[in-house]
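The primary structure of each chain is shown beneath.
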Amino acid sequence: MTPWPLRVAWRVLGFELKGLASVALWAARRRHGVPPGATACSYAGAQSTTLLLMVFAMAVETVVVDVLLNALGVPAPVRLAVLVADAYGVVFGVGLAAACVTRPHVVTGEELRVRYGPYVDLRLPRDLIVSARISRSYDERRMVHMSDGRAAVSVASQANVVVELSEPVVAVRPLGGRAEVSVVRFFADDPKALLAALRVPASTP
């Protein structure tokens, strides 16, 4: 059995690779996991400005720090290590933004996929959904939280849709842990459109 630290390391590496792949999808204006006839529901709008500002600030910091280290006469190997670390931060920010745009929530005839970038992908069978409603909250403490049969996937500390299931489904936490959940709370840029898609009979193509 693979040790837990190694499993976590592999999952983190997978997130990074998916983030890089998402940049390519973003550039090609394509989306991941949105089949023909499905309804894609974005959630990135609430955090797009924050992410863009974060990436810009990290890019500026990378340049300023390198100039400062050069002026102080810091050895080239140290400067290179700092430059790589700072550049990685920029790439991470771009990858996260791209992943959130290219991996939206998806409503198909069979399921509702609740996602957050490469980190969360909850598949909720439509025949188990007994209730879906708008319920706004602005003080979510964690991006992802699962306990007591409930899951929360927030964006910018916000959630605005609650889905209740007739029986629990297995949800995978970002680091690989599993939990059974029957109530899922999450954020959508246009919750009314998402609920409208769910009201279309599941048998409709």
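Residues numbered from 1 in each chain as written. Predicted model: local features only at pLDDT ≥ 70, side-chain atom pairs only at ≥ 80, totals over all residues. Heavy atoms only, no water.

Engineer: Quick rundown of the environment of P118? Include the residues and the values.
Structural biologist: As for its placement among the helices and strands, P118 is situated in the loop between β3 (111-116) and β4 (120-125). Separated by 83 residues in the primary sequence, P118 and P201 have C-alpha atoms spaced 29 Å apart. Not counting the four nearest positions on each side in its chain, P118 is found in contact with F15, K18, A99 and R103. (Helix = DSSP H or I, 4+ residues; strand = E, 2+ residues; numbered from the N terminus. Contact = heavy atoms within 4.5 Å.)

Engineer: Describe the sheet that holds strand β1 (residues 39-41), with residues and values.
Structural biologist: Where strands meet in a sheet, backbone hydrogen bonds hold them as pairs that are either parallel or antiparallel. Strand order across the open sheet formed by 4 strands is β1-β2-β3-β4, with antiparallel pairing between neighbours. The open sheet is flanked by β1 and β4, the only strands paired with a single partner. Across the sheet, the mean angle from the axis of one strand to that of its neighbour is 15°, orientation sign disregarded. Pairing analysis gives 3 bridges linking β1 to strand β2 (residues 105-107), with the strands arranged antiparallel. The residue bridging T39 from the neighbouring strand is V107, located in β2. (Pairing = 2+ DSSP bridges. Axes fitted to C-alpha atoms, helices over the stretch in contact; angles between N-to-C directions.)

Engineer: Mind laying out the pairing of strand β6 (residues 144-147), listing which residues take part and the relevant values?
Structural biologist: Of the two faces of β6, only the one carrying V144 and M146 is buried; H145 and S147 on the other face are not. Between β6 and the antiparallel strand that follows it, strand β7 (residues 150-153), lie 2 residues; D148 among them carries a positive phi value of about 55°. (Buried < 20%, exposed > 50% of the residue type's maximum accessible area, 1.4 Å probe, protein only.)

Engineer: I'd like a description of the packing of aromatic side chains, backed by residues and values.
Structural biologist: If you walk through the whole model with that rule in mind, you get 2 aromatic pairs. With a centroid separation of 4.7 Å and an interplanar angle of 65°, the aromatic rings of F15 and Y119 are classed as edge-to-face. A residue pair is termed long-range when its members are at least 10 positions apart, and F15 in helix α1 (residues 4-27) and Y119 in the loop between β3 and β4 qualify at 104 residues. Of the two residues examined, F15 and Y119, each falls in the buried class. (Phe/Tyr/Trp six-rings, centres within 6.5 Å; stacked < 30°, edge-to-face > 60°.)

Engineer: Would you mind going over the sheet that holds β7 in detail, with residue names and values included?
Structural biologist: The strand order β5-β8-β9-β7-β6 describes an open sheet built from 5 strands, whose pairing is mixed. What marks the edges here is a single partner per strand, and that holds for β5 (129-137) and β6. Going across the sheet, the axis of each strand differs from the next one's by a mean of 30°, ignoring polarity. With 6 bridges joining them, β5 and strand β8 (residues 159-172) adopt antiparallel strand pairing.

Engineer: I'd like to hear about the side chain of S154, residue by residue, with values.
Structural biologist: Summarising the element assignment, S154 is placed in the loop between β7 and β8. By relative accessible area, which is 4% here, S154 ends up buried. Side-chain polar atoms of S154 contact the backbone oxygen of R142, separated by 2.7 Å. With residues near it in sequence (within four places) discarded, S154 still touches Y116, E140, R142 and M143. (Polar contact = N/O pair within 3.5 Å; in protein donor to acceptor, adjacent residues only side chain to side chain.)

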